[in-house]
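Read off the chains here:
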Amino acid sequence: MNQTTHVNEILNSISNLSLDEQSYIVDIVNHRLHEMQRNRLIDRAKEAELTLTQNKVMTGSVDDFFAAIAND
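Residues numbered from 1 in each chain as written. Predicted model: local features only at pLDDT ≥ 70, side-chain atom pairs only at ≥ 80, totals over all residues. Heavy atoms only, no water.

### Remarks on the pattern of salt bridges
- Taken as a whole and assessed by the stated rule, the structure comprises one salt bridge.
- Here Glu35 and Arg38 are joined by a salt bridge, their closest N and O atoms 2.7 Å apart. Remark: Arg38 and Glu35 occur in helix H2 (residues 19-53); sequence separation between them is three residues, near one turn of the helix.
- Among the residues examined, Glu35 registers a relative accessible area of 30% and is labelled partly exposed.
- Here Arg38 falls in the partly exposed class, since its relative accessible area comes to 44%. (Salt bridge = Lys/Arg side-chain N within 4 Å of Asp/Glu carboxyl O. Helix = DSSP H or I, 4+ residues; strand = E, 2+ residues; numbered from the N terminus. Buried < 20%, exposed > 50% of the residue type's maximum accessible area, 1.4 Å probe, protein only.)

If you want it as structure tokens, here you go:
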């Protein structure tokens, strides 16, 4: 079974529910998506902090950046 078929089956099942139940499912899915996005942002922040503490971050102006990549 491909992913599209699986998603369509889920959507068809949801459409058989009452409006309140459908709304509840939307709320749950939105909550889970926000939680996943928040966790991804936390992971990226931790990675950035680690990169900074390991001195793997280059600082300077845009001109400094272009000069550095021109020398590579």
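### Here's the deal with the environment of Glu21
- Checked against the element boundaries, Glu21 lands in helix H2.
- Sequence separation of Glu21 and Ala48 is 27 residues, and the distance between their C-alpha atoms is 41 Å.

### Considering unusual backbone geometry
- Not every positive phi belongs to a glycine, and Asn55 is a case in point at roughly 55 degrees.
- Inspection of the secondary structure assignment puts Asn55 in the loop between H2 and helix H3 (62-70).
- On the accessibility criterion, Asn55 (69% relative accessible area) is exposed.

### Structural notes on a nonpolar patch on the surface
- A contiguous nonpolar surface patch, about 500 Å² in accessible area, is contributed by Met58, Val62, Phe65, Phe66 and Ile69.
- Examined against the element boundaries, Met58 turns out to sit in the loop between H2 and H3. (Patch = residues over 30% accessible without salt bridge, like charges linked within 9 Å, V, L, I, M, F, W, Y side chains within 5 Å. Areas by Shrake-Rupley, 256 points an atom, 1.4 Å probe, with all protein chains shown as cover.)

### Some thoughts on helix H1 (residues 3-15)
- Under the 1.5 Å per step criterion, the end-to-end length of H1 is 18 Å for 13 residues, consistent within 8% with the ideal 18 Å.
- The opening residue of H1, the one whose side-chain oxygen lies 3.2 Å from the backbone nitrogen of Thr4, is Asn2. (Expected span 1.5 Å × (residues − 1). Polar contact = N/O pair within 3.5 Å; in protein donor to acceptor, adjacent residues only side chain to side chain.)

### Quick look at the confidence of the model for the chain
- When pLDDT is averaged along the chain, the result is 94; 100% of the residues meet or exceed 70.
- Here H3 is the element of the chain with the lowest mean pLDDT, 90, and H2 is the one with the highest, 97. (pLDDT = per-residue confidence, 0-100.)

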